[in-house]
Amino acid sequence: MASSNSPCAACKFLRRKCQPECAFAPYFPPDQPQKFANVHRIFGASNVTKLLNDLHPHQREDAVNSLAYEAEMRLRDPVYGCVGVISLLQHQLRQLQVDLYCAKSELSRYQNLSINANHAFVGSESGAVGYQHQQNNNSGSAGIGTRDNSSYYQHHHHHHHHQFFPQQQMVRSFDGGSNYDASLLAMNISASLGQLNQLPAGGGDDRRTVNNPS
Amino acid sequence: MPDCIFAPYFPPEEPQKFANVHKIFGASNVSKLLNEVQPHQREDAVNSLAYEAEARIKDPVYGCVGAISVLQRQVIRLQKELDATNADLIRYTCNEMTTLHDGRRIGEASSTFSQSPSAYYYPSPWNNDPCAGDAGFHRGGGNHM
């Protein structure tokens, strides 16, 4: 909160008197000058004011913080901004899915070996462990036991398709270099926006709950 | 106008695209941003700005940062699951190695332990994300670069 002799970062930047009722003061403390500088550079003060005025007061802090994050990401990466972060995370997620699928398949193979060993040698201590992951055994015994990542990905991709952004095309364009094919990006963006609407409410509720200052 | 900087990227058949970008960023800011990137990068820049603008209109509180939060949580969850699975594999592999007479390992489990690179190239937007590389900006503002 700005006191009468300590203007908020916004008023300091704009070189104006910080009034007691300053709309920016609660969200741009004087010790964080870069935050307002970034937001001002990318969005502009009047756009931020308009955005905040359309929100409930209890939502404004989160809104300012997300705008500040977007502004910072855009300054770090003027071409892709936050969209670059999203692409990177999607890529990491896909890679993790593949790695996890491989690891679980291999684990179920070991567990099958343990179960067989237990059947062959009654009382073997390794057999007890094998019964813990029945689900994995079922999936692991489906016959997909190779390191052929493409077949893994195609089988497993459909399981998670509804949860994550469907971005096979994004993988190709991402791996193709630092420049996106623009039309591909536009297509993927539309698909992503559709998926954004289908994200489980738990994700949104989670972050809202977690970030509620009270 | 023949030298309009926006013309190549905002075709007349997509009026909403410019409307969104104008509403969130403002025409002069977009113009400045485009002038700061190479001409061959401008199309991608405009498309990513359009994406962010649309996301912000749909979710005025979090915009596309909401999607980043969700993705980061999913990455954390999968990474933990992968770590746990690899730990189980290590246990099995050790059991295999100790039971073999000649000490050779069965199969090649080393490929399974390849893990995805660190998930946190970028700071988390929220400071209560336990695995974030940065403190986040809930209190830290823009000074944590």
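Bear in mind that the values here come from a model prediction, so they are computed numbers and not experimental data.

1. Quick look at the pattern of salt bridges
Enumeration over the complete set of coordinates arrives at eight salt bridges over all chains. One salt bridge connects Glu36 of chain B with Arg41 of chain A, and the closest N-O pair in it is separated by 3.3 Å. Residue Glu36 of chain B is located in the loop between helix H2 (27-35) and helix H3 (42-58), and its partner Arg41 of chain A is located in helix H2 (residues 33-42); the two belong to separate chains. Glu36 of chain B sits in the partly exposed class, given a relative accessible area of 47%.

2. Brief notes about the packing of aromatic side chains
Residues and elements named next belong to chain A. Taken as a whole and judged by the stated rule, the model has nine aromatic pairs over all chains. Counting every residue linked through ring pairs, the aromatic cluster contains Phe13, Phe24, Phe28 and Phe36. Over the face of the ring belonging to Phe28 we find Lys35, whose NZ or CZ atom lies 5.7 Å from the ring centre.

3. Quick notes on the confidence of the model for chain B
Residue and element names in this part refer to chain B. Across chain B, the average pLDDT comes to 78, with 68% of residues at or above 70. This stretch, residues 107-111, has a pLDDT under 50; its non-local contacts, to residues over four places away or in other chains, come to six contacts. Low confidence marks residues 129-145, where pLDDT is under 50. Its contacts with residues over four positions away, or in another chain, come to 49 contacts. Of the two predicted TM-score estimates for the complex, the pTM is 0.64 and the ipTM is 0.73.

4. As for helix H5 (residues 81-120) of chain A
Across its 40 residues, H5 of chain A extends 59 Å between first and last C-alpha, which sits within 8% of the 58 Å expected from 1.5 Å per residue. Taking burial as the measure, the 40 residues of H5 of chain A include 30 buried ones, the bulk of the element.

5. Topic: the nonpolar core
If you look at the biggest cluster of nonpolar residues, it comprises 43 residues, and the most contacted ones within it are Cys8, Phe24, Phe28 and Phe43 of chain A together with Phe25 of chain B. Looking at this core, the elements with two or more residues in it are helix H1 (9-14), H2, helix H3 (45-53) and helix H4 (57-76) of chain A together with helix H1 (15-24), H2 and H3 of chain B. If we ignore the near neighbours within four places in the chain, the residues touching Phe25 of chain B are Ile42, Phe43 and Asn47 of chain A together with Val30, Leu49, Glu52 and Ala53 of chain B. The next biggest cluster of nonpolar side chains, apart from the first, holds 25 residues, and it includes Cys82 and Ala103 of chain A together with Cys64 and Leu78 of chain B.

6. Re the side chain of Asn47 of chain B
Residues and elements named next belong to chain B. Considering the arrangement of structural elements, one finds Asn47 in helix H3. With relative accessibility at 7%, the residue Asn47 sits in the buried group. A polar side-chain atom of Asn47 sits 2.9 Å from a polar atom in the side chain of Lys17.

Scoring rules and cut-offs
Residues numbered from 1 in each chain as written. Chains lettered and ligands numbered in written order. Predicted model: local features only at pLDDT ≥ 70, side-chain atom pairs only at ≥ 80, totals over all residues. Heavy atoms only, no water. Salt bridge = Lys/Arg side-chain N within 4 Å of Asp/Glu carboxyl O. Helix = DSSP H or I, 4+ residues; strand = E, 2+ residues; numbered from the N terminus. Buried < 20%, exposed > 50% of the residue type's maximum accessible area, 1.4 Å probe, protein only. Phe/Tyr/Trp six-rings, centres within 6.5 Å; stacked < 30°, edge-to-face > 60°. Lys NZ or Arg CZ within 6 Å of the ring centre and 35° of its normal. pLDDT = per-residue confidence, 0-100. Contact = heavy atoms within 4.5 Å. Expected span 1.5 Å × (residues − 1). Core = buried A, V, L, I, M, F, W, Y, C linked by side-chain atoms within 4.5 Å. Polar contact = N/O pair within 3.5 Å; in protein donor to acceptor, adjacent residues only side chain to side chain.

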